[in-house]
Amino acid sequence: MTTVAVLIDHRAGVVTRPALEALTLARSLGTPVAVWLGERPSADAAALLGDYGATEVRAVEADARLSAHAATALGAASEDADVVVVISTFVTKEIVTRLAMATGAGVVVDAAGAAMVDGRVETVQTVFAATWNVRTRIESARAIVGIRPNTTQAVPADAAAAATLVPITVELPEIRERVTHVEPGEADEGVPLAEAPVVVSGGRGTGGDYTLVTELAELLGGAVGASRDATDEGWISHEHMVGQTGTTVTPALYVAAGISGAVHHRGGMQASGTIVSINMDPDAPIFEISDFGVVGSLFDVIPQAIERIKEHRAG
Ligand SMILES: Cc1cc2nc3c(=O)[nH]c(=O)nc-3n(C[C@H](O)[C@H](O)[C@H](O)COP(=O)(O)OP(=O)(O)OC[C@H]3O[C@@H](n4cnc5c(N)ncnc54)[C@H](O)[C@@H]3O)c2cc1C
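Conventions used here
Residues numbered from 1 in each chain as written. Predicted model: local features only at pLDDT ≥ 70, side-chain atom pairs only at ≥ 80, totals over all residues. Heavy atoms only, no water. Helix = DSSP H or I, 4+ residues; strand = E, 2+ residues; numbered from the N terminus. Buried < 20%, exposed > 50% of the residue type's maximum accessible area, 1.4 Å probe, protein only. Contact = heavy atoms within 4.5 Å. Pairing = 2+ DSSP bridges. Axes fitted to C-alpha atoms, helices over the stretch in contact; angles between N-to-C directions. Polar contact = N/O pair within 3.5 Å; in protein donor to acceptor, adjacent residues only side chain to side chain. Salt bridge = Lys/Arg side-chain N within 4 Å of Asp/Glu carboxyl O. Core = buried A, V, L, I, M, F, W, Y, C linked by side-chain atoms within 4.5 Å.

Undergrad: Would you explain the environment of Leu-172 in this entry?
TA: Topologically, Leu-172 is positioned in the loop between β12 (164-168) and β13 (198-202). Judged by its relative accessible area of 24%, Leu-172 falls in the partly exposed class. Along the sequence, Leu-172 and Ala-62 sit 110 residues apart, while their C-alpha atoms lie 8.1 Å from each other. If we ignore the near neighbours within four places in the chain, the residues touching Leu-172 are Ala-62, Asp-63, His-69, Thr-72 and Ala-73.

Undergrad: Even after reading the chapter, I still don't get the sheet that holds strand β8 (residues 113-117), so can you show me in this structure?
TA: Backbone-to-backbone hydrogen bonds pair the strands of a sheet. The strands run either parallel or antiparallel. On the basis of which strands lie adjacent, the open sheet formed by three strands has the order β8-β9-β10 and antiparallel pairing. Both outer strands of the open sheet, β8 and β10 (132-138), are each paired with one neighbouring strand and no more. Looking at each pair of strands side by side, their axes are set apart by 25° on average, direction ignored. Of the strand pairs in this sheet, strand β9 (residues 120-127) and β10 are connected by seven bridges, and their pairing is antiparallel. Paired with Val-127 across the bridge in β10 is Trp-132.

Undergrad: Whenever I open this one, the side chain of Ser-88 confuses me. Can you help?
TA: Here Ser-88 is to be found in the loop between β6 (83-87) and α4 (90-103). Here the side chain of Ser-88 touches Asp-110 through a polar contact of 2.8 Å, landing on its backbone nitrogen. Dropping the residues within four chain positions of it, Ser-88 is found in contact with Lys-93, Val-109, Asp-110, Gly-146, Ile-147, Arg-148 and Pro-149.

Undergrad: Explain the pairing of strand β14 (residues 223-226) to me, please; I cannot follow it from the model alone.
TA: It is a general feature of regular strands that their side chains alternate between the two faces of the sheet. Burial of β14 is two-sided: the residues Ala-223 and Gly-225 facing one way and the residues Val-224 and Ala-226 facing the other way are all buried. As judged from the four bridges shared by β13 and β14, these two strands associate in the parallel manner. Within β14, the residue paired with Gly-202 across the bridge is Ala-226.

Undergrad: Even after reading the chapter, I still don't get the pattern of salt bridges, so can you show me in this structure?
TA: A side chain with one charge may pair with a side chain of the opposite charge, provided their charged atoms come close. Inspection of every chain in the model, using the stated rule, returns 18 salt bridges. Asp-80 is the salt-bridge partner of Arg-58, the closest N and O atoms lying 2.8 Å from each other. Of the two residues, Arg-58 is situated in strand β5 (residues 56-60) and Asp-80 in the loop between α3 (67-77) and β6; the sequence distance between them amounts to 22 residues. A residue is classified by how much of its surface remains accessible, and Asp-80, at 45% relative accessible area, is partly exposed. A salt bridge links Glu-311 to Arg-308; the nearest nitrogen and oxygen atoms lie 3.8 Å apart. In this pair, Glu-311 and Arg-308 both sit in helix α8 (residues 298-314), three residues apart, roughly one turn of the helix. One network of salt bridges, in which partners are shared, links Glu-122, Arg-135, Arg-137 and Glu-139.

Undergrad: Would you take a moment to explain the nonpolar core for this structure?
TA: Where a protein is soluble and globular, its nonpolar side chains tend to be buried together. Ranked by size, the top nonpolar core spans 31 residues in total, and within it Val-6, Ile-8, Val-15, Leu-23, Leu-49 and Val-85 carry the most contacts. Elements with a contribution of two residues or more to this core: β1 (3-7), α1 (17-29), β4 (31-37), α2 (43-51), β6, β7 (106-111) and β11 (143-147). Among the elements that line this core, the one with the most residues is α1, at seven residues. Those residues in contact with Val-85, other than ones at most four positions away along the chain, are Val-4, Ala-5, Val-6, Leu-7, Ala-22, Leu-25, Leu-29, Val-145 and Ile-147. Membership of the second largest hydrophobic core comes to 23 residues, among which are Ala-70, Leu-74, Val-96 and Ala-100.

Everything listed here is a matter of geometry and, on its own, says nothing about what the molecule does.
Have a look at this one:
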């Protein structure tokens, strides 16, 4: 039996959708056990993890805000696991790198998928600004996979699993850093950019007016993205920047409005499922990587798209 430990992403005790995606992937690799760091999960949270196949919820009630501590806690809760799955984020990439160093496991982050092939984990991922697809086989007995949000569809298990709560006690190592204060940055309401299933981004072509981009994003239940030129202009905050120096996104749908498609921008969105672009310039490079392109002003095109979507939903 292959045991797959899944580090559960949660916000103040609420399980995130990417965590359910990770559990769904884990079921295809073996038997999932959930690893929960922080205050104990609620009964509802544990039941939800069971719905997605977690046979156990291993809860480490320790302050694991530093990656060194989180790696120790995850290691203690996944000692018997053949595979460890996390959702790839800035934070988890540091945690799993530490865990891999400590355990000698093979690690792949930013994977877009993983499968068990002849008893070893194989991953797929895009690299070099999504210009290459790479398949990697982890040869070590223990594998760690960081999976990108939105690359697996979260589907509940056919039959809910027990999700038995197993408290794990762990001695966290003395280290030279200490967290004295944590204050979340200003975050918009709604889905975080990196996890959003739909991203609608506006660039210099918006001229600084994000009303339509925001309206379309909200209508589609997505997040608002931006090019660096737009954030540098101060039209929208840097947290919205998509690209090489911004956030890498892999939504099912990416809409680029008034964005030329510079290589630095493409690097952060090229692996999206479907790319739709709106640009006045028919030769804009963004069209080279778009599944669907509209030549026109976003100020004409987006209102029509909004109207059609509303009409379609109405009936
Ligand atoms: C080291 C480095 C790192 C970088 N990292 C990033 C990064 O992470 N992310 C990023 O985005 N950029 C990054 N950049 C900047 C990048 O190279 C581009 O300059 C930037 O992406 C361009 O932004 P833009 O497409 O909004 O602007 P532009 O290139 O000026 O394109 C604007 C587009 O809008 C179109 N347009 C104008 N009006 C309209 C309208 N009304 N309707 C529809 N279309 C219209 C134009 O035809 C044009 O194609 C980086 C650059 C460097 C050097």
